Amino acid sequence: MKKLFAEFFGTFWLVFGGCGSAIFAAAFPELGIGFTGVSLAFGLTVLTMAYAVGHISGGHFNPAVTLGLWAGGKFETKEIISYIIAQLIGAIAAAGLLYVIVSGKSDFTTIGGFAANGYGELSPGGYSMVSVLITEFLLTLFFLLIILGSTNVRAPKGFAPIAIGLGLTLIHLISIPISNTSVNPARSTSQALFANGAFIGQLWLFWIAPIAGAIVAGIIHKTFFDKE
C-alpha cells in the first residue's frame with residue numbers, strides 16, 4: 001500500500017502542478033509564465049516527487065513508465081494493474097480539484113480546454129493526428145530511455161531525478177504546441193474527463209502512442225544498454 005500511495009501522491013502532484021501551471025499561470029495577464037514556465041513546472045513535479053517518494057515506489061507516476069519499465073525487465077507483471085489504477089486515481093483527483101478552483105473564479109463561464117491533449121482542431125498548433133502520434137511515440141520512447149539509463153546500476157548515484165525532471169521539461173518545450181504534451185496516459189485521461197470539447201474521443205491516441213513508445217524503449221534498453 002505504501003507503493004500505491006506513493007504513486008497516487010506523485011501522479012496527483014504531477015497533474016496538479018503541471019496542468020495547474022498551464023491553467024492558472026501560462027497566460028496570466030502580462031505576467032504569464034508561458035510555454036517555458038509550464039515545461040519547467042512539469043519537470044519540477046517529477047523531480048521533486050522522485051526525490052520524495054521515488055525510493056518507495058520507484059516514482060513512475062505514469063502508466064507508460066510502468067509498462068516501459070516492465071518491458072525493460074525492471075518491474076514485475078503482478079504490480080502493473082495496481083500501479084496504473086493508483087496513478088489514474090491520483091490524476092483524476094488532481095484534475096477534480098483544479099476544476100473546483102477554476103470554477104470559483106469570479107468571471108468563470110466555461111472550463112475551456114483545461115490543458116487537455118488533442119490533435120487536429122484540438123491541437124494547440126493545429127497538428128494532425130499522424131504528427132501527434134509520431135511526436136508522442138518518440139518523446140515517450142526517449143523519456144523511458146532517460147529513465148532506464150539514469151536509474152541503471154552503472155549510472156551515477158542520486159542524480160536520476162534531475163535527469164528525468166529535465167528530460168520531461170525538454171519534452172514539454174518541444175511538444176506543447178503540437179499536442180499540449182502528454183507522454184502520460186493518466187495525465188491525459190484526467191484532463192479529458194473535465195475539459196470542454198471532444199477530447200475524450202481522442203484519448204485513445206494518448207494511451208496507445210505513449211505506451212507503445214515506452215515498451216519499445218524498454219526493449220531497446222534491455223537489448224542494447226542493460227549489459228556489462
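From a predicted model like this one, the values you see are computed outputs, not experimental measurements.

Calculation rules
- Residues numbered from 1 in each chain as written.
- Predicted model: local features only at pLDDT ≥ 70, side-chain atom pairs only at ≥ 80, totals over all residues.
- Heavy atoms only, no water.
- Helix = DSSP H or I, 4+ residues; strand = E, 2+ residues; numbered from the N terminus.
- Buried < 20%, exposed > 50% of the residue type's maximum accessible area, 1.4 Å probe, protein only.
- Contact = heavy atoms within 4.5 Å.
- Expected span 1.5 Å × (residues − 1).
- Bend = angle between axes of the 7 residues up to and from the residue.
- Polar contact = N/O pair within 3.5 Å; in protein donor to acceptor, adjacent residues only side chain to side chain.
- Axes fitted to C-alpha atoms, helices over the stretch in contact; angles between N-to-C directions.
- Parallel < 35°, antiparallel > 145°, perpendicular 65-115°, else oblique.
- Left-handed = near helix turned anticlockwise from the far one by under 90°.
- Nonpolar A, V, L, I, M, F, W, Y, C, P; charged D, E, K, R; others polar.
- Salt bridge = Lys/Arg side-chain N within 4 Å of Asp/Glu carboxyl O.
- Core = buried A, V, L, I, M, F, W, Y, C linked by side-chain atoms within 4.5 Å.

Q: Describe the overall build of the protein chain, and please don't skip the residues or the numbers.
A: Along its length, the protein chain carries 8 helices and 0 strands. For the protein chain, the succession of helices and strands along the chain, N to C, is α-α-α-α-α-α-α-α. Dimensions of the protein chain, computed from C-alpha atoms along their principal axes, come out at roughly 60 × 35 × 30 Å. Per-residue burial for the protein chain yields a buried fraction of 50% across its 228 residues. The contacts of the protein chain with a sequence gap of at least 6 include a subset with a gap of at least 24, amounting to 77%.

Q: Before we move on, can you summarise helix H6 (residues 160-179) with the specific residues and values?
A: Compared with the 28 Å implied by 1.5 Å per residue over 20 residues, the 26 Å span of H6 between its first and last C-alpha is a close match. Leu173 marks the point of greatest bend in H6, at about 40 degrees, and the proline Pro177 comes within the next four residues. Note on H6: the residue one or two positions beyond its end, Asn180, has a positive phi of about 70 degrees.

Q: Residues and numbers for helix H5 (residues 129-150), please.
A: Compared with an ideal rise of 1.5 Å per residue, which puts 22 residues at 32 Å, H5 spans 31 Å between its outermost C-alpha atoms and is within 8% of the ideal. For H5, the complete set of buried residues consists of Val132, Thr135, Glu136, Leu139, Thr140, Leu141, Phe143, Leu144, Leu145, Ile147, Leu148 and Ser150. Packing partners of the buried residues in H5 comprise helix H3 (63-71), H6 and helix H8 (205-225).

Q: Tell me what's going on with the side chain of His221, and back it up with residues and numbers.
A: Relative to the helices and strands, His221 is located in helix H8. Only 3.5 Å separates the side chain of His221 from the backbone oxygen of Leu148, close enough to count as a polar contact. Once residues within four sequence positions are removed from consideration, His221 is found in contact with Leu145, Leu148, Gly149, Asn152 and Asp226.

Q: So what's going on with the packing of H3 against helix H4 (residues 80-103)? Residues and values would help.
A: Running from N to C, H3 and H4 cross one another at 160 degrees; their axes reach a closest spacing of 9 Å. Here H4 runs roughly antiparallel to H3, going by the angle between their axes. Viewed along their axes, H3 and H4 form a crossing whose handedness is right-handed. Listed contacts from H4 to Pro63, Thr66, Leu67 and Trp70 of H3 are Ile80, Tyr83, Ile84 and Gln87. Counted by class, the contact of H3 with H4 contains 6 nonpolar, 2 polar and no charged residues.

Q: Summarise the side chain of Ser190; cite the residues concerned and give the values.
A: Here Ser190 lies in helix H7 (residues 185-194). Residue class for Ser190 comes out buried when judged on its relative accessible area of 0%. From its side chain, Ser190 meets the backbone oxygen of Arg187 in a polar contact 3.0 Å long. With residues up to four places along the chain from it excluded, the contact list for Ser190 reads Val15, Ala91, Ile92 and Ala95.

Q: Describe the environment of Ala217, and please don't skip the residues or the numbers.
A: Along the chain, the position of Ala217 falls in helix H8. For the pair formed by Ala217 and Thr135, sequence separation is 82 residues and the distance between their alpha carbons is 14 Å.

Q: Mind laying out the environment of Ile84, listing which residues take part and the relevant values?
A: By the secondary structure assignment, Ile84 is in helix H4. In contact with Ile84, not counting residues within four places along its chain, are Pro63, Leu67 and Trp207.

Q: Which residues make up the pattern of salt bridges, and what are the values?
A: Counted according to the given criterion, the structure contains 4 salt bridges. In this structure, Lys74 and Asp226 form a salt bridge, with 2.8 Å as the shortest nitrogen-oxygen distance. Placement of the pair is Lys74 in the loop between H3 and H4 and Asp226 in the segment after H8, with a sequence separation of 152 residues. Residue classification places Lys74 among the partly exposed positions, given a relative accessible area of 43%.

Q: Mind laying out the nonpolar core, listing which residues take part and the relevant values?
A: Core analysis: the biggest nonpolar cluster contains 49 residues, and Val15, Phe114 and Phe143 have the highest contact counts within it. For this core, the secondary structure elements donating two or more residues are helix H1 (2-25), helix H2 (34-57), H3, H4, H5, H6, H7 and H8. When residues in this core are grouped by element, the largest group, 8 residues, is from H4. Once you skip the residues sitting within four places of it in the chain, Phe114 turns out to touch Ile23, Ala95, Leu98, Tyr99, Val102, Gln191, Phe194 and Ala195. Residues Tyr119, Val132, Ile178 and Ala209 belong to the second largest nonpolar core, which totals 6 residues.

By themselves, these are just geometric observations and shouldn't be taken as functional.
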